[in-house]
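Next come the chains, spelled out residue by residue.
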Amino acid sequence: MADVKNLSDISWKAFKTLSLAEKGSYFRGRHTLIAQQFTRSEIEELCTLATRIKRINKRRAGANFLKGLLSDKRAMLYFAQPSSRTYLSHNAACQILGLDTMDVRDQKTSSEVKGETPEDTIRTFSSYADMIIMRHPVGGFAERVAWMMAHTKREIPILNAGSGADQHPTQALLDIYTLQRSFEKIGGIDGKHVAFVGDLARGRTVRSLAWLLTLYKDMTLYFIAPDSLQIGQDILDQLDEAGTKYVVTEDFESVMPKADAIYMTRIQDEWDVDGDGSTTEASDYYIGAEHMDIIKDTTVILHPLPRRQEISTEIDNDPRAVYWRQMRNGMWIRAALILKTFGREDEVNRYYDDY
Amino acid sequence: MADVKNLSDISWKAFKTLSLAEKGSYFRGRHTLIAQQFTRSEIEELCTLATRIKRINKRRAGANFLKGLLSDKRAMLYFAQPSSRTYLSHNAACQILGLDTMDVRDQKTSSEVKGETPEDTIRTFSSYADMIIMRHPVGGFAERVAWMMAHTKREIPILNAGSGADQHPTQALLDIYTLQRSFEKIGGIDGKHVAFVGDLARGRTVRSLAWLLTLYKDMTLYFIAPDSLQIGQDILDQLDEAGTKYVVTEDFESVMPKADAIYMTRIQDEWDVDGDGSTTEASDYYIGAEHMDIIKDTTVILHPLPRRQEISTEIDNDPRAVYWRQMRNGMWIRAALILKTFGREDEVNRYYDDY
Amino acid sequence: MADVKNLSDISWKAFKTLSLAEKGSYFRGRHTLIAQQFTRSEIEELCTLATRIKRINKRRAGANFLKGLLSDKRAMLYFAQPSSRTYLSHNAACQILGLDTMDVRDQKTSSEVKGETPEDTIRTFSSYADMIIMRHPVGGFAERVAWMMAHTKREIPILNAGSGADQHPTQALLDIYTLQRSFEKIGGIDGKHVAFVGDLARGRTVRSLAWLLTLYKDMTLYFIAPDSLQIGQDILDQLDEAGTKYVVTEDFESVMPKADAIYMTRIQDEWDVDGDGSTTEASDYYIGAEHMDIIKDTTVILHPLPRRQEISTEIDNDPRAVYWRQMRNGMWIRAALILKTFGREDEVNRYYDDY
């Protein structure tokens with residue numbers, strides 16, 4: 001059983017100085033804020049639960065059963081940073097479980113106009129809901145909210161749907177879930193070679209997923225990017241500490257035949273605050289029909305989407321192109337996570353056994 | 001039984017060259033994209049179903065029964081072109097059937113900002129839903145989407161809620177449904193005289209409805225508009241081909257006493273791309289209290305709404321003014337259409353028989 | 001039993017000249033438009049109902065029972081004036097009762113662009129719903145809508161969620177409900193001293209609440225504000241007429257020890273149409289940790305929120321700071337009001353008795 005601590009027992013000042021792993025112990029089992037809070041056994045439990053939910057949902061009676069699981073709860077979807085994809089995925093996950101949703105998707109809420117602090121705004125939203133699913137441009141804001149909620153009489157779970165440049169924990173979970181499903185019949189994730197390609201400097205999904213992969217045995221990670229977009233040293237340090245093997249390179253083609261999973265990414269010029277576009281030309285990494293004979297039959301190609309030119313639409317119907325399935329997996333793993341947050345996963349497990 | 005073909009069996013290039021009637025055979029029973037895909041017997045079945053849904057919904061137990069019909073499904077409402085009216089009508093239709101809805105109503109989705117193709121955006125939306133109800137400014141885009149979905153492993157139905165300047169098939173259905181209800185006790189639609197008045201050049205509703213009326217016997221259509229706003233020759237050619245009688249005129253008053261239905265329209269200056277407003281002054285056609293003695297007691301006045309000056313609010317409570325009922329009819333016929341798309345219309349029919 | 005009249009029996013011209021009390025008799029039991037329409041017994045019934053709903057909602061079975069109460073109805077949330085807080089509170093109230101909601105939250109709807117009148121827009125929205133919950137910047141517009149609906153064949157209830165500078169009746173109800181809950185064990189609202197502090201000239205909540213308090217016995221009201229922001233003479237005249245005692249003063253500290261309830265407000269510069277901010281500096285009334293020893297142990301501090309500087313966050317966890325509970329109370333009293341509007345309150349009362 002992993003370490004679980006209580007956010008109401010620590011001051012914000014002390015909390016801020018903690019390591020990610022230490023912070024994780026304060027979030028675990030209640031809030032979902034950082035990829036580093038998950039243990040391998042938790043992830044495996046979530047993956048199993050997601051697959052069960054997905055299967056139960058295939059039949060009408062099953063889908064109606066699922067809709068009764070959280071029909072007494074309401075979730076607030078607060079997206080201060082727009083993202084149709086992430087919004088819809090979480091909304092669908094809630095709907096699968098019968099959880100009513102309300103949303104605030106404007107960048108400027110009327111309250112901010114009225115001079116309210118962001119903390120008061122969130123506390124307001126929390127008053128009407130049993131859970132907050134939030135996306136916010138300010139790094140660490142979701143953590144601050146969780147800490148604040150723990151110091152009120154009405155703490156409710158916070159689910160981080162992307163904050164700042166760093167954390168997007170449910171994206172990392174859906175990536176792991178997709179790898180787990182893809183490798184189910186070939187020994188699971190342990191021992192696999194995973195290549196990350198493109199803009200590794202700024203994408204939070206790569207950073208989170210790389211970290212989660214340290215929970216698996218005998219992994220080899222490849223970071224394939226031009227120098228200016230290469231993965232951060234902090235991530236490499238984490239891999240070193242965890243004893244996870246990795247290769248940093250610019251040469252995509254040499255890695256292709258070895259990789260069990262190829263994780264493509266796009267240039268994140270949303271984060272290019274200088275706006276000079278200086279790095280945009282750098283990533284001409286690409287995978288298309290001409291590479292389908294080079295990669296293995298069991299290799300899977302992932303992408304957090306949206307894509308630009310880095311994956312040809314020609315390969316969309318190749319069974320190894322799993323990025324569309326990956327996106328749908330996000331809905332299932334989020335449903336699993338939300339259900340577990342409310343502690344009702346056993347109802348699915350019982351139904352599944354009788355199924 | 002009408003011709004039904006499979007979209008996955010044809011290339012986009014070949015599909016694009018087909019006539020509207022031929023395209024219809026590829027959509028029928030799965031997607032709702034063009035008015036021309038409907039047969040008379042399908043329309044009649046939908047009208048009967050709509051009336052049954054409407055009646056069942058009057059009682060609380062009936063309304064709760066209806067909400068269980070599609071409670072295991074989710075619809076995506078994608079309105080790239082804003083329209084509160086059409087959005088709300090479809091949303092209400094979904095809610096009547098218990099279908100959960102998600103919506104994207106922004107003109108610019110965040111993904112487009114991130115450089116995603118419209119096809120990928122739609123495929124993303126489709127990942128989280130069992131049906132897409134879409135309104136898009138680009139003519140033919142909904143057809144393209146349906147074709148694309150048929151070439152994936154997860155084809156879901158597309159319902160066109162208005163695309164480009166041409167197609168708005170559910171508006172045509174609700175117009176027909178309103179005529180059917182209005183003429184129920186006076187022999188049905190066959191043999192009636194229907195006058196279209198106002199801006200006939202640019203309104204897609206008139207074009208679609210005129211076509212659907214070719215499915216009925218012994219009709220006489222009147223197209224009453226100034227020259228610059230008169231109905232397109234392509235529609236007249238279709239009427240000729242179908243053997244449907246019509247009169248093209250500028251003289252509204254002479255038609256009034258003969259018409260069984262008067263279909264008023266407003267100037268569509270949204271489509272006035274030149275923006276010179278040159279045609280705006282042309283349509284001073286108008287119906288008001290002073291005409292109530294000229295038209296027949298059984299004549300009905302329709303309007304797709306919103307209206308401007310062309311119908312006086314003074315006649316709103318005249319029983320022959322059916323435009324408000326017409327709007328509400330849209331909700332019922334859309335509920336019927338959505339239910340039939342999922343093949344569950346028999347459940348309503350059984351319930352209705354026991355009612 | 002209070003006076004109940006029918007809106008369809010009066011012309012708009014005649015209706016407009018009525019006093020607030022007279023108008024109330026036309027709204028009572030059907031629409032919720034002005035604070036002045038409520039009788040004390042109605043308010044007490046709503047408070048009891050709200051508390052029962054809140055308690056039933058605590059258990060899963062109870063919450064699921066509540067969701068069946070209005071599952072056959074749909075509400076339209078039309079917010080022409082943005083307000084996340086009020087929108088969310090009403091939306092949550094609907095969801096508690098299983099009432100499906102649709103919303104129009106844009107300031108400019110597409111129909112207005114198309115030249116539609118506001119009356120037609122609202123009638124359109126009403127076509128798809130069983131109730132309209134509306135917020136509108138134009139004073140009296142909600143009343144006009146209720147009158148208009150009464151003159152159609154499909155009248156549906158209108159709930160005013162804020163109109164113009166004057167009326168916000170459900171805010172007044174939630175304030176009363178909070179006072180009733182706070183004073184439940186100390187003899188109820190009768191005989192209490194209530195202090196209003198800050199911007200009393202422009203805040204509609206203070207005006208509505210002051211009026212409602214005339215329904216209670218032996219009240220003393222304090223209006224604490226700088227001259228330029230002091231309460232309107234019209235309100236003082238109403239208090240005089242009702243025989244309610246009041247004190248108008250600039251001296252907050254002298255009132256603090258006497259007040260049973262302190263109602264703080266913020267500067268309403270949204271209404272500062274001159275935009276010269278001339279009055280902004282005037283309100284430096286403030287309550288914080290240093291006042292916690294001055295006020296009584298049983299005194300409660302309210303605020304309609306959002307707040308700025310007028311309440312220190314330091315006192316948020318003091319049990320006498322009830323503004324966060326007050327906000328959540330809004331959800332419960334609105335649920336009670338909506339349920340009663342549809343005449344189904346007895347189902348809650350029966351369930352509660354068996355509970």
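Residues numbered from 1 in each chain as written. Chains lettered and ligands numbered in written order. Predicted model: local features only at pLDDT ≥ 70, side-chain atom pairs only at ≥ 80, totals over all residues. Heavy atoms only, no water.

In the annotation of an unreviewed UniProt entry, chain A is listed under the name Aspartate carbamoyltransferase and assigned to Pontiella agarivorans. UniProt annotates chain A under Catalytic activity (unreviewed entry) with the comment "carbamoyl phosphate + L-aspartate = N-carbamoyl-L-aspartate + phosphate + H(+)". Taken verbatim from the UniProt record of chain A, the Pathway (unreviewed entry) comment is "Pyrimidine metabolism; UMP biosynthesis via de novo pathway; (S)-dihydroorotate from bicarbonate: step 2/3." (UniProt positions renumbered as here; feature names shortened; annotations may be inferred.)

1. With respect to the interface of chain B and chain C
A common way to report how large an interface is uses the accessible area buried once the components associate. At the junction of the two partners, chain B supplies 30 residues and chain C supplies 31 residues. Interface of chain B and chain C: buried area, both sides summed, is about 2,700 Å²; carbon and sulfur atoms make up 44% of it. The largest per-residue losses of area from chain B upon contact with chain C belong to Arg60, Leu88 and Trp324 of chain B, which jointly make up 24% of the total buried on that side. At the junction of chain B and chain C, the tally comes to six salt bridges. (Contact = heavy atoms within 4.5 Å. Buried area = accessible area lost by both parts, 1.4 Å probe. Salt bridge = Lys/Arg side-chain N within 4 Å of Asp/Glu carboxyl O.)

2. Here we look at the nonpolar core
Core analysis: the largest hydrophobic core is formed by 123 residues, its most contacted members being Ile53, Ile133, Phe196, Leu213, Ile287 and Ile338 of chain C. Tallying contributions element by element places helix α13 (residues 323–341) of chain C first for this core, with eleven residues. With residues near it in sequence (within four places) discarded, phenylalanine 196 of chain C still touches Val206, Leu209, Ala210, Leu213, Leu221, Tyr222, Phe223, Ile224 and Tyr263 of chain C. Within the second largest apolar cluster, 122 residues are counted, among which are Ala35, Ile53, Met131 and Ile315 of chain A. (Core = buried A, V, L, I, M, F, W, Y, C linked by side-chain atoms within 4.5 Å. Buried < 20%, exposed > 50% of the residue type's maximum accessible area, 1.4 Å probe, protein only. Helix = DSSP H or I, 4+ residues; strand = E, 2+ residues; numbered from the N terminus.)

3. Let's talk about the interface of chain A and chain B
Residue-level contacts link 30 residues of chain A with 31 residues of chain B. When chain A packs against chain B, close to 2,700 Å² is buried across both sides, 44% of that on carbon and sulfur atoms. Together, Arg60, Leu88 and Trp324 of chain A form the three largest contributors to the area buried by chain A at its contact with chain B, with a combined 24%. The partner of arginine 307 of chain A in a salt bridge is aspartate 120 of chain B, and the shortest N-O contact between them spans 2.5 Å. The tally of links from chain A across to chain B stands at 13 residue pairs in polar contact (both at pLDDT 80 or more). At the level of elements, α4 (60–66), α5 (84–96) and α13 (323–341) of chain A are the ones that each hand at least two residues to the side of chain A that touches chain B. In terms of residue count, α5 of chain A provides more of the side of chain A that touches chain B than any other element does, nine residues in total. For the side of chain A that touches chain B, the class distribution of residues is eleven nonpolar, seven polar and twelve charged. (Polar contact = N/O pair within 3.5 Å; in protein donor to acceptor, adjacent residues only side chain to side chain. Nonpolar A, V, L, I, M, F, W, Y, C, P; charged D, E, K, R; others polar.)

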